[in-house]
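Commentary on secondary and tertiary structure
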Amino acid sequence: MKNNIILIGFMGVGKGTTARAFAKKYKVYNIDTDDLIESKENKEVKKIFEKHGEAYFRKQEQETADWIEKCVHGTFVSCGGGFYKVDNLKKLGTVVLLDASFEWIHKRLKTAKNAKAKLAKRPLFSEEKKAKKLYNEREKAYRKLADVVVDVEKLTLAEQIEFIAKKCKV
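Report on the accompanying structure. (Residues numbered from 1 in each chain as written. Predicted model: local features only at pLDDT ≥ 70, side-chain atom pairs only at ≥ 80, totals over all residues. Heavy atoms only, no water.)

Listing the buried residues of helix α3 (residues 45-52) in full gives Val-45, Ile-48 and Phe-49. Buried positions in α3, seen along its axis, are confined to an arc of 100 degrees and lie on one side of it. Exposed residues lying more than 90 degrees from the buried face of α3 are Glu-50 and Lys-51. Those residues of α3 that are buried are in contact with α2 (33-41) and α4 (54-71). Positioned one or two residues after α3, Gly-53 has a phi angle of 90 degrees, which is positive. (Buried < 20%, exposed > 50% of the residue type's maximum accessible area, 1.4 Å probe, protein only. Helix = DSSP H or I, 4+ residues; strand = E, 2+ residues; numbered from the N terminus. Arc of directions from axis to C-beta. Contact = heavy atoms within 4.5 Å.)

Laid out in structure tokens, this is it:
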């Protein structure tokens, strides 16, 4: 894999799960932008939001995007839900959108084995109405930026990674 694959989509859609499965099957590195920021800040995303606010976190995302652009190649990159706002996203690699309805994502999070932890880890998902509004705001932007769109409601995880590999010529 010469180019990076940049995985975007709404929080809870399954970007991390898809990225780990893809990396395992195709023997490529996988990094997660939220994990990189947590490592740099030595704090969980939720704590960064609480202590410094969203604007600070978005600045950290831009710094992370700049680092990826300069230093990361041949890697599967799963991004936080708001990472699509970085100004150099298209320079980072092939942008792949994991797409699903808000209702599907919400159900996925609420019925997960560790649902409480999954919801707690996503500070912007704390109130369903606000999360739905955020989803509606982001949906068009995600589609506009995507080079490839994957409908996760219609494909199994194995089918998703095969589809991504084919579309990204891996």
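Resuming the write-up.
A separate point is the packing of helix α1 (residues 15-26) against helix α9 (residues 157-167). The description of two packed helices rests on the angle between their axes and on the distance between the axes. Contact geometry for α1 and α9: axes closest at 10 Å, N-to-C directions at 65 degrees. One way to sum up the angle between α1 and α9 is to call them roughly perpendicular. Handedness of the α1/α9 crossing: right-handed. Across the interface between the two elements, Thr-17, Thr-18, Ala-21, Phe-22, Lys-25 and Tyr-26 from α1 touch Leu-157, Gln-160, Ile-161, Glu-162, Ile-164 and Ala-165 from α9. Split by residue class, the contact of α1 with α9 holds seven nonpolar, three polar and two charged. (Axes fitted to C-alpha atoms, helices over the stretch in contact; angles between N-to-C directions. Parallel < 35°, antiparallel > 145°, perpendicular 65-115°, else oblique. Left-handed = near helix turned anticlockwise from the far one by under 90°. Nonpolar A, V, L, I, M, F, W, Y, C, P; charged D, E, K, R; others polar.)

By themselves, these observations are geometric and do not establish any function.
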